[in-house]
Amino acid sequence: MKRLADKVALITGAGRGIGAAIAFAFAREGAAVVLAELDIETAERTAREIRAALGASASAIDTRGADKASEAKVLAVQTDVTQSASVQHAVSEAEHTFGALDVLVNNAGINVFCDPLTMTDDDWRRCFAVDLDGVWNGCRAVLPGMVERGAGSIVNIASTHAFKIIPGCFPYPVAKHGVLGLTRALGIEYAPRNVRVNAIAPGYIETQLTHDWWNEQADPAAAKQATLDLQPMKRIGRPEEVAMTAVFLASDEAPFINATCITVDGGRSALYHD
Ligand code: NDP
């Protein structure tokens, strides 16, 4: 029996990186997956890759086509998480195609790393719009249905920046602290209705986001090496390693895990110093 058999899951920012790895892992475990992504072309490409990767199962998995909706198990929907109407639309499309949502993964996020006093108002607003409002928009869109059905699992992708600070990375950690607060508040609020809300705090994970950050430094190769040197395991994580934790939290293997956060950082946040 697959671990997410018969479940319907929506993953934001699933076109690439951690979100795409989660979509792959969920589909492999039997879930119908909805890739809610800003860039529809990336989302559709990932949907095609999932279909190809699942080989023999491919006939049951397709991006949505007018005549294929009933058998599709992967759906790509253009979604901007900063707009509540856009997220609501994605949820409606998901439910129309596959039925009620069992799982939401709020993954979409952006790095906004500034010095506090030179940061612009726009930097502050776009950080919170994606990294915190986006998570709330997702929760608000799925909670009424989950509460009514008395079942659901929401997984918010936070960060080790949700409880640790690196100077010069403002206001990203402020928004990620908010994601943890939101996770705990909603987890408690809806626990009596059997809706679990949890977070995952990844450390350094090798995605486009990480490469972009290295490439912004004066010496990208040295910046990458410095990152690796900081890690107890002398490597950074892979998106699939975050996805495995998301599968667990989304599944029925975690029925009493609620309002908490699982850190996936190879032990980095436990390290005082070498
Ligand atoms: P990527 O930048 O590789 O992927 C993020 C995805 O989110 C992109 O596909 C992007 O689309 C999408 N996205 C951005 N803005 C929006 C929006 N407004 N609406 C819908 N989708 C959007 O990032 P990662 O995979 O690395 O990060 C995923 C999550 O994990 C983020 O929340 C991040 O903060 C968190 N995280 C990542 C870590 C890391 O080391 N990589 C560490 C800790 C946490 P587009 O390409 O079109 O912009």
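Residues numbered from 1 in each chain as written. Predicted model: local features only at pLDDT ≥ 70, side-chain atom pairs only at ≥ 80, totals over all residues. Heavy atoms only, no water.

The name that an unreviewed UniProt entry assigns to the protein is SDR family oxidoreductase, with the source organism given as Paraburkholderia elongata. For the protein, the Sequence similarities (unreviewed entry) comment in UniProt is given as "Belongs to the short-chain dehydrogenases/reductases (SDR) family." (UniProt positions renumbered as here; feature names shortened; annotations may be inferred.)

Asks: How should the overall build of the protein be read in this particular structure?
Replies: For the protein, the helix and strand inventory stands at eight helices and nine strands. In terms of overall size, the protein behaves like a compact globule, its C-alpha atoms giving a radius of gyration of 18 Å where 274 residues would be expected to give roughly 19 Å. By principal-axis analysis of the C-alpha atoms, the protein measures approximately 55 × 40 × 35 Å. Sequence-distant contacts, at least 24 apart, represent 71% of the contacts inside the protein between residues at least 6 apart. Entry remark: accessible area of the protein is about 12,900 Å², with carbon and sulfur atoms responsible for 54%. Averaging the coordinates of the 25 positive side-chain charges in the protein and doing the same for the 33 negative ones gives two points 5 Å apart. (Helix = DSSP H or I, 4+ residues; strand = E, 2+ residues; numbered from the N terminus. Rg over C-alpha atoms; globule rule 2.2 N^0.38 Å. Contact = heavy atoms within 4.5 Å. Areas by Shrake-Rupley, 256 points an atom, 1.4 Å probe, with all protein chains shown as cover. Lys, Arg positive; Asp, Glu negative; His and termini not counted. Charge placed at Lys NZ, Arg CZ, Asp CG, Glu CD.)

Asks: Would you explain unusual backbone geometry in this entry?
Replies: Residue Pro 171 is bonded to the preceding Phe 170 through a cis peptide linkage, with omega at 5°. Here Pro 171 shows up in strand 7 (residues 170–171). Look at Asp 6: it is not a glycine, yet its phi comes out positive at around 70°. Among the structural elements, Asp 6 can be located in the segment before strand 1 (8–12). At Lys 234, a residue that is not glycine, the phi angle is positive and equals roughly 60°. If you trace the backbone, Lys 234 turns up in the loop between helix 7 (220–229) and helix 8 (239–250).

Asks: Any chance you could explain the packing of helix 6 (residues 208–216) against helix 7 here in plain terms?
Replies: A pair of packed helices is captured by two measures, namely the crossing angle of their axes and the spacing between those axes. Packing of helix 6 against helix 7 leaves a shortest axis separation of 7 Å and a crossing angle of 125°. With respect to their mutual orientation, helix 6 and helix 7 come out oblique. In this structure, helix 6 crosses over helix 7, and the sense of that crossing is right-handed. Facing helix 6, whose interface residues are Trp 213, Trp 214 and Asn 215, helix 7 presents Pro 220, Ala 223, Lys 224 and Thr 227. For the contact of helix 6 with helix 7, the residue count by class is four nonpolar, two polar and one charged. (Axes fitted to C-alpha atoms, helices over the stretch in contact; angles between N-to-C directions. Parallel < 35°, antiparallel > 145°, perpendicular 65-115°, else oblique. Left-handed = near helix turned anticlockwise from the far one by under 90°. Nonpolar A, V, L, I, M, F, W, Y, C, P; charged D, E, K, R; others polar.)

Asks: I tried to follow the nonpolar core on my own but got confused; where do I start?
Replies: Taken as a class, soluble globular proteins show a tendency for nonpolar side chains to be buried jointly. If you look at the biggest cluster of nonpolar residues, it comprises 40 residues, and the most contacted ones within it are Leu 10, Val 34, Leu 101, Val 142 and Ile 154. Elements represented by at least two residues in this core include exactly strand 1, strand 2 (32–37), strand 3 (74–78), helix 3 (84–98), helix 4 (121–149), helix 5 (172–190) and strand 8 (195–202). Not counting chain neighbours up to four residues away, the residues in contact with Val 142 comprise Val 91, Leu 101, Leu 104 and Ile 154. Listed in part, the 34 residues of the second largest apolar core include Ala 27, Ala 246, Leu 249 and Ala 250. (Core = buried A, V, L, I, M, F, W, Y, C linked by side-chain atoms within 4.5 Å. Buried < 20%, exposed > 50% of the residue type's maximum accessible area, 1.4 Å probe, protein only.)

Asks: How should I be thinking about the site of the ligand in this particular structure?
Replies: Around the ligand sit 27 residues, and of these Arg 16, Glu 37, Asn 107, Tyr 172 and Thr 207 come closest. Between a nitrogen atom of the ligand and a main-chain N or O atom of Val 81, the distance comes to 3.0 Å. Of all the secondary structure elements, the ones that give two or more residues to the shell around the ligand are helix 1 (17–28), helix 5 and helix 6. Split into classes, the residues belonging to the shell around the ligand amount to 11 nonpolar, 11 polar and five charged. (Near = heavy atom within 4 Å. Polar contact = N/O pair within 3.5 Å; in protein donor to acceptor, adjacent residues only side chain to side chain.)

Asks: Just checking my understanding: could you explain the pattern of salt bridges for this structure?
Replies: Should the charged atoms of two oppositely charged side chains come close, the side chains can pair. Following the criterion strictly, the structure yields six salt bridges and no others. Notably, a salt bridge pairs Glu 49 with Arg 45, separated by 3.9 Å at the nearest N-O pair. Here Glu 49 pairs with Arg 45, and both are found in helix 2 (residues 40–53), just four residues apart, close to one helical turn. Look at Glu 49 and you get partly exposed, because its relative accessible area is 39%. Three or more residues are tied together by salt bridges with common partners; here these are Arg 235, Arg 238 and Glu 241. (Salt bridge = Lys/Arg side-chain N within 4 Å of Asp/Glu carboxyl O.)

Asks: What's the story with the environment of Ala 100 in this structure? I'm lost.
Replies: Along the chain, Ala 100 falls in the loop between helix 3 and strand 4 (103–106). C-alpha of Ala 100 to C-alpha of Arg 149: the two residues are 49 residues apart in sequence and 9.0 Å apart in space.

Asks: Explain the side chain of Asp 131 here, please?
Replies: For Asp 131, the position within the fold is in helix 4. We note that Asp 131 is buried and unpaired, the nearest opposite charge coming from Lys 176 at a distance of 4.7 Å. Excluding residues that lie within four positions of it along the chain, Asp 131 makes contacts with Gly 109, Ile 110, Tyr 172, Ala 175 and Val 179.

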